[in-house]
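Single-letter residue listing:
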Amino acid sequence: ARVRHYRWNVNYEYKSPDCFQKLVITINGGTPGPTILAQQGDTIVVELKNSLLTENIAIHWHGIRQIGTPWSDGTEGVTQCPILPGDTFKYKFVVDRAGTFMYHGHYGMQRAAGLYGSIIVSLPSEASEPFAYDYDRNIILNDWFHKSTYEEATGLSSIPFVWIGEPQSLLINGRGRYNCSLLANPSLEACNVTNPECSPHVVTVIPGKTYRLRIGSLTALSALSFQIEGHNFTVVEADGHYVEPFVTKNLFIYSGETYSILVKANQDPSRNYWMTTNVVGREPKTPTGLAILNYYPTHFRKSPATVQTTGPFWNDTAPRVAQSLAIKALQSSIHTPPLTSDRTIVLLNTQNKIDGYFRWSLNNVSFSVPHTPYLIALKEKLNLNNVFDQKPPPENYDFKNYDIYSVAKNTNATSSNGLYRLKFNSTVDVVLQNANTMTANNSETHPWHLHGHDFWVLGYGTGKFDVTKDVAKYNLVNPIMKNTVPIHPYGWTALRFQADNPGVWAFHCHIESHFYMGMGVVFESGVEKVGKLPSSIMGCGETKGFHRP
Ligand code: C2O
Ligand code: CU
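Criteria and thresholds
Residues numbered from 1 in each chain as written. Chains lettered and ligands numbered in written order. Predicted model: local features only at pLDDT ≥ 70, side-chain atom pairs only at ≥ 80, totals over all residues. Helix = DSSP H or I, 4+ residues; strand = E, 2+ residues; numbered from the N terminus. Rg over C-alpha atoms; globule rule 2.2 N^0.38 Å. Buried ≥ 20, exposed ≤ 12 C-beta atoms within 10 Å, placed from the backbone. Pairing = 2+ DSSP bridges. UniProt positions renumbered as here; feature names shortened; annotations may be inferred. Axes fitted to C-alpha atoms, helices over the stretch in contact; angles between N-to-C directions. Domains from an automatic or database assignment. Contact = placed C-beta atoms within 7 Å. pLDDT = per-residue confidence, 0-100. Arc of directions from axis to C-beta.

A. Region of the structure containing the overall build of the chain. Per the secondary structure count, the chain includes five helices and 32 strands. In terms of overall dimensions, the chain is globule-like: its C-alpha atoms have a radius of gyration of 22 Å, near the 24 Å expected for 549 residues. Once the C-alpha set of the chain is aligned to its principal axes, its extents read approximately 65 × 55 × 55 Å. Counting every position in the chain, which comprises 549 residues, the buried fraction comes to 52%.

B. Layout of the pairing of strand β26 (residues 446-450). Among the five residues of β26, five are classified as buried, and the element is accordingly described as predominantly covered. Side chains His 446, Trp 448 and Leu 450 project from β26 onto one buried face, and the interleaved Pro 447 and His 449 project onto a second face that is buried too. As defined by bridge partners, β26 adjoins strand β29 (residues 484-487) across four bridges and the pair is classed as antiparallel. By the bridge assignment, Pro 447 is partnered in β29 with Pro 486. Direction of pairing for β26 relative to strand β31 (residues 503-509): antiparallel, over a ladder of three bridges. Directly across from Trp 448, in β31, lies its bridge partner Cys 509.

C. Quick peek at the UniProt feature "domain: Plastocyanin-like" (unreviewed entry) in the chain. Following the UniProt record, one finds the feature "domain: Plastocyanin-like" (unreviewed entry) at residues 10-123, 139-296 and 400-525. Here residues 10-123 is 0% helix and 43% strand, with 30 Å between the C-alpha atoms at its ends. Helix makes up 7% of residues 400-525 and strand 42%, whereas the separation of the span's terminal C-alpha atoms amounts to 30 Å.

D. Expanded view of the sheet that holds β29. On the basis of which strands lie adjacent, the open sheet formed by five strands has the order β24-β32-β31-β26-β29 and mixed pairing. The open sheet has two edge strands, β24 (420-422) and β29, and neither has a second partner. Taken pair by pair, the neighbouring strands of this sheet meet at an average axis angle of 25°, ignoring direction. The pairing of β24 with strand β32 (residues 520-525) spans three bridges and is classified as parallel. When the bridges of β32 are listed, Leu 422 appears paired with Ser 525.

E. Up close: the domain arrangement of the chain. The assigned domain composition of the chain is domain 1 (1-128), domain 2 (130-332) and domain 3 (335-543). Every contact between the two is made by 27 residues of domain 1 and, on the other side, 33 residues of domain 2. Of all the secondary structure elements, the ones that give two or more residues to the side of domain 1 that touches domain 2 are β2 (22-27), β7 (99-105) and β8 (116-122).

F. Layout of the pairing of β7. With seven of seven residues buried, β7 lies mostly within the body of the structure. Pairing of strand β5 (residues 59-62) with β7, which is carried by four bridges, proceeds in the antiparallel orientation. By the bridge assignment for β7, His 62 is matched with Met 102. Of the strand pairs in this sheet, β7 and β8 are connected by six bridges, and their pairing is antiparallel. By the bridge assignment, His 104 is partnered in β8 with Tyr 116.

G. Representation of the confidence of the model for the chain within the structure. On average, residues of the chain score 94 in pLDDT, and 97% of them are at 70 or above. Predicted as a complex, the structure gets a pTM of 0.96 and an ipTM equal to 0.98.

H. Fine view of unusual backbone geometry. For the bond running from Ile 159 to Pro 160, omega is -5°, close enough to zero to count as cis. Within the fold, Pro 160 resides in the loop between α1 (149-156) and β10 (169-172). In this chain, Tyr 296 is followed by Pro 297 through a cis amide linkage whose omega measures 5°. One can find Pro 297 in the loop between β19 (289-295) and α2 (318-326). Here the phi dihedral of Gln 66 falls at roughly 60°; this positive angle occurs in a residue that is not glycine.

I. Representation of the sheet that holds β19 in the model. An order of β11-β19-β18-β13-β16 is seen for the five strands of this open sheet, with the pairing classed as mixed. Each having just a single partner strand, β11 (201-205) and β16 (251-253) make up the two edges of the open sheet. Sheet twist, expressed as the average angle between the axes of neighbouring strands with direction ignored, equals 25°. As paired strands, strand β13 (residues 223-228) and β16 are joined by three bridges and run antiparallel to one another. Bridge pairing links Ser 225 to Phe 252 in β16.

J. Geometry of the environment of Pro 17. Mapping Pro 17 onto the fold places it in the loop between β1 (3-15) and β2. For Pro 17, a count of 24 C-beta atoms within 10 Å puts it in the buried group. Considered as a pair, Pro 17 and Thr 31 are 14 residues apart in the sequence and their alpha carbons are 8.3 Å apart.

K. Region of interest: α1. Those residues of α1 that sit buried are Thr 149, Glu 152 and Leu 156. Taken end-on, α1 shows its buried residues confined to a sector of 60°, consistent with a single buried face. Where α1 is buried, its residues touch α5 (512-516).

L. Spatial organisation of the environment of Thr 288. Structurally, the position occupied by Thr 288 is in the loop between β18 (273-280) and β19. Given 21 C-beta atoms within 10 Å, Thr 288 falls into the buried group. The spacing of Thr 288 and Ser 169 is 119 residues in sequence and 7.5 Å in space, taken between C-alpha atoms.

As structure tokens, this is what we get:
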């Protein structure tokens, strides 16, 4: 195994990812940032310099479990103090498993400002994938807003609530194109769409060859569909785990998920084809995101001739649930879950108000990030009363009489930063129950992401979860393992994991604004087994007395 060293300089720069110029956060001058390419077992060292001058930073390595290095998880307020302007911070961790992963800012809303990228971990040289392909390419999908994340954050925490609206464009590897005519004030200046920065991303293929496309989504808001005009493809990997292959012409992908698909360049090679991504689950007001599948030797700038594939209807939930159900572990790589669990945490997902402010909550409790990271407080045995609420949040919230189909009657939630302390090595079930939002006849999709672990996806259902019937229907035979999973509108999702990674771990909705508005919880397990914390993660809140290097 090797040590791979990266030096990153994080900055604000003017960029035009979708032809509209705005301030974005770049790493070494780019957004997305550099792709981390490594082999299973390698150690990654990222020396990150915060050149933002007026903003803190933290970076999360999404899908990397951080075994033995929970302080490198990059979750501000949970595992580390933020990296101050001007400071350089060193992240060091092992990529212990092959697969497709991502990284992104985990402070404020920096992910949506452009601070993100890909992590590709290949198998050790002696091992081989359970499927064949000739070349490997990666694609990262995002949605893009012209307003700044400051405007968004301010609006979310204002009375009256101000919503920035739907994204102006969808980006494929950091490139997109907004619809000029939809702008409030289409000026000549704002509508200059000839900038090469926003020309579509091109994937060039050699006729007859098979490509592994690694697709990740880090959207701030949108659920997406993805298609390649004229091509079917085979889904083979999800969040770093092998999938029992299935063929499709459309992939649904939620923020925080990754997939590998195999696509054979077997169509007419004298032309190019669109790769398209569209918003699903919310009424789309965003133009289709486009990239070009370019058949060598056709010129890559030759626009595909036909109209773009439009993809499935945005408001049709059934095919999305069907895809979720279709994703099973590859037969030859099944890692079966324990047949029973030691504890079940049921989380009712609702939209509420607190003192007139819109919030998201779990069991009527909305999460707020503490100023002293839990990991440091617990490990260094600080006076915990000063750090977070000592009362654990509810886990057996009784929602038997809660009508998930109507707007909540009692809309007032409470705010807390208490955590769930899990017995080390115990098996934990989490049931995520969706409900109606504060808008009549509306329930959203929430992609839930767990830090530090992969979980088995035991089942999905529509309507209210019923312990007496639904537990018996759990898939304990070939469930896929993932780190991010959606709950569908008015539905529930059940997952199981082993609390075998000492540390403190966030579990939250991956929609940037939802987490910001309280849609998350924190799990602690085995914190006494965590090794000596580096002093570089300290310095904020109650950890001020600890010396930074
Ligand atoms: Cu990719 Cu805590 O998130
Ligand atoms: Cu959400």
